[in-house]
Amino acid sequence: MNENTTHYDDLNLAEAKEIQNELRDKINLDPLISPITTIAGADISLNRFSEIIFAGIVILRYSDLQPIAYSMVESKTSFPYVPGFLAFREVPALVQALQQIPVKPDVFMIDGHGIAHPRRMGIAAHFGALTGTVTMGCAKNILFGKWHEPGIQKGDYRPIMNKEEVIGYALRSKFKTNPVFISPGNRMSLNDSLDIAIRCAGNYRLPEPTRRAHEFVNLFRTGKLKEGYHELTPQLLF
DNA sequence: GCGACAG
DNA sequence: ATCTTGTCGC
């Protein structure tokens with residue numbers, strides 16, 4: 001009903017697939033030209049069996065990867081989790097969180113895949129196409145495509161392939177841990193997504209933007225953070 | 001037909 | 001995704 005709100009509940013999978021095919025034309029994978037000053041991590045958290053979802057976006061300074069602000073939203077979804085259609089469940093809440101942010105981050109790293117998806121429309125590509133933002137996906141598990149185990153050193157990577165086409169990378173973000181799966185979503189190239197993920201790799205398996213988003217949204221779900229947009233004072237918290 | 005299958 | 005204690009390896 002609200003023209004400013006995205007509604008995906010009540011869609012069947014055939015209709016959802018049509019929307020993916022339609023949104024795919026808006027995806028742009030040209031190399032990123034503008035420099036990155038801020039990068040955001042986006043994630044969702046929920047209680048088991050609940051329709052209430054907690055969405056969060058954490059903005060970090062790209063120079064030192066320290067959190068400087070966050071936006072939290074509590075919402076509801078009835079769209080079920082179906083592999084290949086994650087965006088229809090999580091994107092509406094993430095868009096709400098985005099709308100609360102006064103100065104938009106330069107890049108969004110979203111928990112899930114970008115174009116490493118059966119129809120090239122993972123949640124990061126979907127969110128990017130819908131909002132016109134620069135996005136990439138960072139997933140903990142593969143959804144689509146073939147890949148080989150990267151070397152065990154931090155920074156080692158191997159391509160995710162669909163036939164002869166590279167659609168992303170399996171990246172060893174930390175020494176001797178399982179890789180994460182990186183792919184561009186919108187307005188950046190395959191190489192950009194890999195470079196940014198490597199640059200954001202810290203001392204944990206999850207790159208900092210995704211790790212912080214996961215951390216903050218869980219604090220929000222458990223009542224330790226308030227809903228809305230908030231800025232972090234220079235030497236405070238964490 | 002069978003297996004795979006983001007969060 | 002979330003529920004959870006111990007346990008194995010570095």
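Residues numbered from 1 in each chain as written. Chains lettered and ligands numbered in written order. Predicted model: local features only at pLDDT ≥ 70, side-chain atom pairs only at ≥ 80, totals over all residues. Heavy atoms only, no water.

- Going by the annotation in an unreviewed UniProt entry, the name recorded for chain A is Endonuclease V, with Dyadobacter subterraneus given as the source organism.
- Regarding chain A, the UniProt comment filed under Catalytic activity (unreviewed entry) reads as follows: "Endonucleolytic cleavage at apurinic or apyrimidinic sites to products with a 5'-phosphate."
- The UniProt entry for chain A carries the following text under Cofactor (unreviewed entry): "Mg(2+)". (UniProt positions renumbered as here; feature names shortened; annotations may be inferred.)

### What to know about the packing of aromatic side chains
Then, in step 1: Inspection of the entire model under this criterion finds 8 aromatic pairs.
Then, in step 2: Residues F85 and F88 carry aromatic rings whose centres are separated by 6.2 Å and whose planes lie at 45 degrees to one another, so their mutual orientation is tilted.
Then, in step 3: Three or more aromatic residues joined by ring pairs form one cluster here, namely Y8, F79, F85 and F88.
Then, in step 4: Over the aromatic face of Y62 sits the side chain of R199, whose NZ or CZ is 4.4 Å from the ring centroid. (Phe/Tyr/Trp six-rings, centres within 6.5 Å; stacked < 30°, edge-to-face > 60°. Lys NZ or Arg CZ within 6 Å of the ring centre and 35° of its normal.)

### Considerations on the sheet that holds strand β9 (residues 228-231)
Then, in step 1: Pairing within the open sheet is mixed, and its 9 strands lie in the order β6-β7-β8-β5-β4-β1-β2-β3-β9. Edge strands, defined here as strands with exactly one partner in the open sheet, are β6 (157-162) and β9. Strand-to-strand, the axes of this sheet are offset by a mean angle of 25 degrees, without reference to chain direction.
Then, in step 2: The strands touched by helix α2 (residues 86-99) are β1 (38-46), β2 (52-61), β3 (67-76) and β4 (107-111); relative to β2, the strand with the most contacts, the crossing angle is about 55 degrees.
Then, in step 3: Lying over the sheet, helix α4 (residues 190-199) contacts β1, β4, β5 (135-139), β6, β7 (165-171) and β8 (180-186), oriented at roughly 5 degrees with respect to β7. (Pairing = 2+ DSSP bridges. Helix = DSSP H or I, 4+ residues; strand = E, 2+ residues; numbered from the N terminus. Axes fitted to C-alpha atoms, helices over the stretch in contact; angles between N-to-C directions. Contact = heavy atoms within 4.5 Å.)

### Quick word on the state of the cysteines
Cysteine pairs can be linked by a disulfide, which is a covalent bond between their two sulfur atoms.
Then, in step 1: Per the counting criterion, the structure on display carries 0 disulfides.
Then, in step 2: With no disulfide of its own, C138 has C200 as its nearest cysteine by sulfur position, at a separation of 9.3 Å.
Then, in step 3: Assessed through its relative accessible area of 1%, C138 is described here as buried. (Disulfide = S-S within 2.5 Å. Buried < 20%, exposed > 50% of the residue type's maximum accessible area, 1.4 Å probe, protein only.)

### Description of the protein's contact with DNA strand B
Then, in step 1: Taken together, 18 residues lie near DNA strand B, and Y81, G84, I123, K140 and N141 sit nearest.
Then, in step 2: Y81 places a side-chain nitrogen or oxygen 2.5 Å from a phosphate oxygen of DNA strand B.
Then, in step 3: One nitrogen or oxygen atom from the main chain of L86 is found 3.1 Å from a base nitrogen belonging to DNA strand B.
Then, in step 4: For the surface near DNA strand B, the class distribution of residues is 8 nonpolar, 6 polar and 4 charged. (Near = heavy atom within 4 Å. Polar contact = N/O pair within 3.5 Å; in protein donor to acceptor, adjacent residues only side chain to side chain. Nonpolar A, V, L, I, M, F, W, Y, C, P; charged D, E, K, R; others polar.)

### Considerations on the packing of α2 against helix α3 (residues 123-131)
Then, in step 1: The N-to-C vectors of α2 and α3 enclose an angle of 45 degrees; their axes lie 10 Å apart at closest approach. Judged by the angle between their axes, α2 and α3 are oblique. The two elements α2 and α3 meet at a crossing, and its hand is right-handed. Here α2 contributes L86, A87, F88, E90, V91, L94, V95 and L98 to the contact with α3, which in turn contributes I123, H126, F127, L130 and T131.
Then, in step 2: Class assignment of the residues belonging to the contact of α2 with α3 gives a composition of 10 nonpolar, 2 polar and 1 charged. (Parallel < 35°, antiparallel > 145°, perpendicular 65-115°, else oblique. Left-handed = near helix turned anticlockwise from the far one by under 90°.)

### Digging into the pattern of salt bridges
Then, in step 1: In this structure the tally under the stated criterion is 7 salt bridges.
Then, in step 2: As a salt-bridge pair, E149 and R172 come within 3.1 Å of each other at their nearest N and O atoms. With E149 in the loop between β5 and β6 and R172 in the loop between β7 and β8, the pair connects residues that are 23 residues apart, well separated along the chain.
Then, in step 3: R212 is the salt-bridge partner of E215, the closest N and O atoms lying 2.9 Å from each other. Taken together, the residues E215 and R212, both in helix α5 (residues 208-221) and 3 residues apart, mark about one turn of the helix.
Then, in step 4: A residue is classified by how much of its surface remains accessible, and E215, at 30% relative accessible area, is partly exposed.
Then, in step 5: Residues joined in a network through salt bridges with shared partners are E208, R211, R212 and E215. (Salt bridge = Lys/Arg side-chain N within 4 Å of Asp/Glu carboxyl O.)

### Points about the protein's contact with DNA strand C
Then, in step 1: All residues in the neighbourhood of DNA strand C are listed as S45, L46, R48, K140, K176, H214, N218 and R221.
Then, in step 2: Among the atoms of DNA strand C close to the protein, meaning within 4 Å, 75% are from sugar or phosphate groups.
Then, in step 3: In this structure, a phosphate oxygen belonging to DNA strand C sits 2.7 Å away from a side-chain N or O atom of K140.
Then, in step 4: At 3.1 Å from a phosphate oxygen of DNA strand C is found a side-chain nitrogen or oxygen belonging to N218.

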